[in-house]
Structures are given as C-alpha cells and as structure tokens.
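The primary structure of each chain is shown beneath.
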Amino acid sequence: METGKVDVLLGLQWGDEGKGKVVDVLTPRYDVVARFQGGPNAGHTLEFEGQKYVLRSIPSGIFQGGKINIIGNGVVLAPDLFMNEAKDLAASGHPLFERLYISKKAHLIMPTHRILDKAYEVAKGKDLVGTTGKGIGPTYTDKTSRNGLRVGDILHDFEIKYLKHKERHLNLLKSMGWTDFEGFEETEKQWMEGVEYMRNFRFVDSEHVINHTLRAGKFILCEGAQGTMLDIDFGSYPFVTSSNTISAGACTGLGIGPNKIGNVFGIMKAYCTRVGSGPFPTELFDKTGDKLCDLGHEYGAVTGRKRRCGWIDLIQLRYSIMVNGVTELIMMKSDVLDTFDTIKACVGYELPNGEAIDELPYDINDVKPIYKEFKGWKTDMTRLTDETQFPKEFNDYVKFLEEFLETRIGVISIGPDREQTIIRK
Ligand code: GDP
Ligand code: IMO
Ligand code: MG
C-alpha cells in the first residue's frame, strides 16, 4: 500500500509568528492543506503580487491553485464570520466552493458563545485573559461538556437544536447577571445567513478524506493556529486559548495517526511578541520594545491590538521544540532586526531566589531572563535572494540559535511578501 505523508506547521511562541505566510510558501509541495484547531481567533496574513490577505478560519493554502483545503474537526467555526471571509475571497477572484471542505464534526460558534466570552472576561476582572472575543473558550467548553452544536447538525433539525442551545446559554448569562444584548438580533440574523451560505460547501467526514488522501500517496500540510505558549495544556495557563495548539492537536483535530506525521515545522520570530494578558519573561517596556513594535508593525491582524514585544526566548523555544517534536525551524521577521546595534537572546532564567535555570518552569511569572548579546548585522536584508548573501553577523546569530536549540533553521523570512523567503540548502 502506498502511503503519503503528513507534515505539521505550527507556531512556537505566543502566536502571530508568520504561519500564514509560510503555509502559502510551502503549499506547492502538498496536495491538501488542513486547519486542525482554533477558529476566527486566528489571523493569518499572506502577501503576494502586491496584495495582502488576512485569513481567520480558511486554511492558508487557498491561494496556490488547485489544492484542496480542509477545515478539520478540531476547528471551531463562526458561520457569519466564515461567510464574510469566504465572500471577500470570492470578490477578490478566489472562489472556494470547489476547493474547501468542512468537517461535519467541527463545532459551531454561536452568537451567544461570543456574549459568554465577554461575560466570562468581565467576571474575571483584572485577571482577564484578553481573549479575541470570538467565543472560542465557551465553544470548546460546550464541546468538552458534550453540549456542542456541530456543522453536521446543520443537515438535520438545525433550528430546534440551535434554539435549545441558545436557551441554555441565555440561562447561563442570566445567572451571571448579564444584560447587554445590544445588536444581538442583527448578529443572529447574519449568523443564520452564514449557516445557509455554508451549505454551498462540501461537508465531509474529513478524517476519511485525509486518510484516503494519504493512502493515495499524497501529501498533507496541517496548519496550526495560535502558538505553543497558548496551548491549553502546555501554554502559560490560564492565559492561553482553549485548544491544543501543539503537534498532537493535528492528530486529534484531523483524525491522523501519530505514526503518519513526518516533519514538524516550528515557526518562530527572530524576536518575540504576545497579545492579551499573561506572563512574557523577555517583554521590553523601553524604546527597544517600541522599536520592535514599529519596525515589525506589531498590531493584531484580528483585533488591531498592539502586540507586546521582546527579545527571543531560547528557553521557551527549547520547551516548544520539545513538546512538539519539531524537526525543522523556520525563522520569521529577521529583517525587523536589520538596524539594531545589539541583539539579545534569552539563554537562561533567574528565579526570585537567585538560582539560574535553563528549563521552562511551571511558573514563568517571576523569572528574570539571562541574556546573551550579539553584534547586529546592520544590513538591509529585505532584498537578498540567497543565503550566500547573508552578512557574517547574521550567520553567527543563526548558528548560535541552531546549536542552542539543537534544531536546523531551514527557512529564513526577510519580509512579508511570498518572495521574501530564503530556503537554506
Ligand atoms: P500568523 O498568525 O502566524 O499567520 O501571523 P500574523 O499574520 O498574525 O502576523 C505576522 C505578521 O508579520 C503579518 O503582518 C505578516 O505579513 C508579517 N510577516 C511575516 N513574515 C514576515 C517577515 O519575514 N518580515 C516582516 N517584516 N514581516 C513579516
Ligand atoms: P494566530 O493563529 C496571537 C490569544 C488572545 C488571548 C488568548 C485567548 O493568528 O497566531 P481566545 O480568543 O483564543 O480565547 O484568546 O490567546 N490569541 C492569539 N494571540 N495570535 C493568535 O492567533 C491568537 N489567538 C488567540 O490574544 O491572549
Ligand atoms: Mg495571527
């Protein structure tokens, strides 16, 4: 029996590493691209031929003609937001009906899930997670408590099921004392329109599609959303998202046996960012942080929120590489560091008692980063076309990262455009 291969691509930091761009670049090597978790909390940006696109629920393989894209069972989908996203793509000349399959087992984010998301955040007060407000947590909560509404439900008695879930949510909101339902009717109308629109797509048992594809000797790329430090188990809990963002999530989110996974591509920025609340050991509160934010245009693709910025954290990355089984690293946004005199990388943490450690501890709230400094390369790298053109200082930095992380960096991204990508030999 011929068998194909599954590779997984995911974020190693706190999201927004540049996953969308790399999926688009790598798609020509694959037959199928599949999302396995998350939902419209994601914002994956792609740039090519002078156009910029931001994808939320639709896989980033959609632009490289003729490939099948799958929204897997592990994803949570908001019909209204999905409809807007798909219609925008169609309007820009990228119709999806033939190319995009949706798992019947994917869960639906209801309008009341979004209100619940807000209500839980308000209830947390100053400890709020800083969610994207897209209803992600409440939808996954309903999934695990066996109360979810799935894409497959659209096909039978949908209205009855919807109203039952809505009533349960309204009771919950009432018990929390929530009274703000402004715009709800309009949202609900849009949402129902979205459900009707979704019927234009093929609802599939994506685990069968995926495994048939593999048996036919074809190649699949799984596209992660968020990042390892936002993983529900291994991230900086409770300041995380509600799904498994790590490579294991591709198995549960698509129905793939772990023995089918080949490469795990770990995406990281040459520095680090985070949106929302929660610990971030290398965060910078000074001019250097502002400079990273400005040069990196670090504003959220979904919420427009300013991203917190800091130096690359190799202790955190080593942990992410471990829990994901990363086989190859892909470094993004190295161009953002092009003008820095000095570049720092965190190579250890100091605990409040003065002890130095080199493994990510249970609690990263009070650790102080220990830095190694590098001489900046002070060269505009955005127009380079080949790794032989890299400045010496940049090569020194890359070599150190590879040695410290014990993993090869196979691709270096030197700008947002598809073309600004250097594949290392
Ligand atoms: P994702 O969520 O991991 O797909 O990443 P986002 O799209 O949220 O954020 C990455 C941002 O960086 C986007 O605005 C990209 O266009 C941009 N980007 C990606 N790679 C590079 C790069 O190498 N250099 C620069 N300057 N920007 C990049
Ligand atoms: P992509 O795929 C960055 C963050 C939110 C918040 C926490 C929980 O573009 O990398 P949620 O709405 O998921 O319940 O929010 O997770 N978060 C992201 N941060 N990139 C993302 O996705 C994110 N998705 C969620 O800011 O702190
Ligand atoms: Mg993003």
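Residues numbered from 1 in each chain as written. Chains lettered and ligands numbered in written order. Predicted model: local features only at pLDDT ≥ 70, side-chain atom pairs only at ≥ 80, totals over all residues. Heavy atoms only, no water.

A. Representation of the overall build of the protein chain in the model. Along its length, the protein chain carries 11 helices and 20 strands. Principal-axis analysis of the C-alpha atoms gives the protein chain an extent of 65 × 50 × 40 Å. For the protein chain, contacts bridging at least 24 residues in sequence account for 77% of all contacts bridging at least 6. Carbon and sulfur atoms provide 51% of the accessible area of the protein chain, an area that totals close to 18200 Å². Taking the average place of the 53 positive charges on the side chains of the protein chain and the average place of its 59 negative ones, the gap between the two points comes to 2 Å. (Helix = DSSP H or I, 4+ residues; strand = E, 2+ residues; numbered from the N terminus. Contact = heavy atoms within 4.5 Å. Areas by Shrake-Rupley, 256 points an atom, 1.4 Å probe, with all protein chains shown as cover. Lys, Arg positive; Asp, Glu negative; His and termini not counted. Charge placed at Lys NZ, Arg CZ, Asp CG, Glu CD.)

B. Main features of the coordination of the magnesium ion (ligand 3). For the magnesium ion (ligand 3), the protein coordination sphere consists of Asp16 (OD) and Gly43 (O), at 2.1 to 2.2 Å. Of the two residues, Asp16 is situated in the loop between β1 (5-11) and α1 (19-26) and Gly43 in the loop between β2 (32-35) and β3 (44-48); the sequence distance between them amounts to 27 residues. Given the relative accessible area of 22%, Asp16 is considered partly exposed. (Donors = N, O, S within 2.8 Å, 3.2 Å for Na, K, Ca; no water. Buried < 20%, exposed > 50% of the residue type's maximum accessible area, 1.4 Å probe, protein only.)

C. Region of interest: the pairing of strand β7 (residues 100-103). Alternating positions in β7 separate into two faces, Leu100 and Ile102 on one and Tyr101 and Ser103 on the other, with burial throughout. When strand β5 (residues 68-71) meets β7, the two strands line up parallel, connected through three bridges. Pairing of Asn69 across the sheet is with Leu100, part of β7. When β7 meets strand β9 (residues 202-204), the two strands line up parallel, connected through three bridges. Bridge pairing links Tyr101 to Arg202 in β9. (Pairing = 2+ DSSP bridges.)

D. Here's a closer look at the packing of helix α3 (residues 111-124) against helix α5 (residues 158-175). Where α3 meets α5, the axes come as close as 9 Å, and the angle between the chain directions of the two elements is 15 degrees. Viewed along their axes, α3 and α5 adopt a mutual orientation that is roughly parallel. When the axes of α3 and α5 are compared, the crossing they make is left-handed. Note on element contacts: α5 touches α3 through Tyr162, Lys166, His169, Leu170, Leu172 and Leu173, opposite Pro111, Thr112, His113, Ile115, Leu116, Ala119 and Tyr120. Its residues assigned to classes, the contact of α3 with α5 comprises nine nonpolar, three polar and one charged. (Axes fitted to C-alpha atoms, helices over the stretch in contact; angles between N-to-C directions. Parallel < 35°, antiparallel > 145°, perpendicular 65-115°, else oblique. Left-handed = near helix turned anticlockwise from the far one by under 90°. Nonpolar A, V, L, I, M, F, W, Y, C, P; charged D, E, K, R; others polar.)

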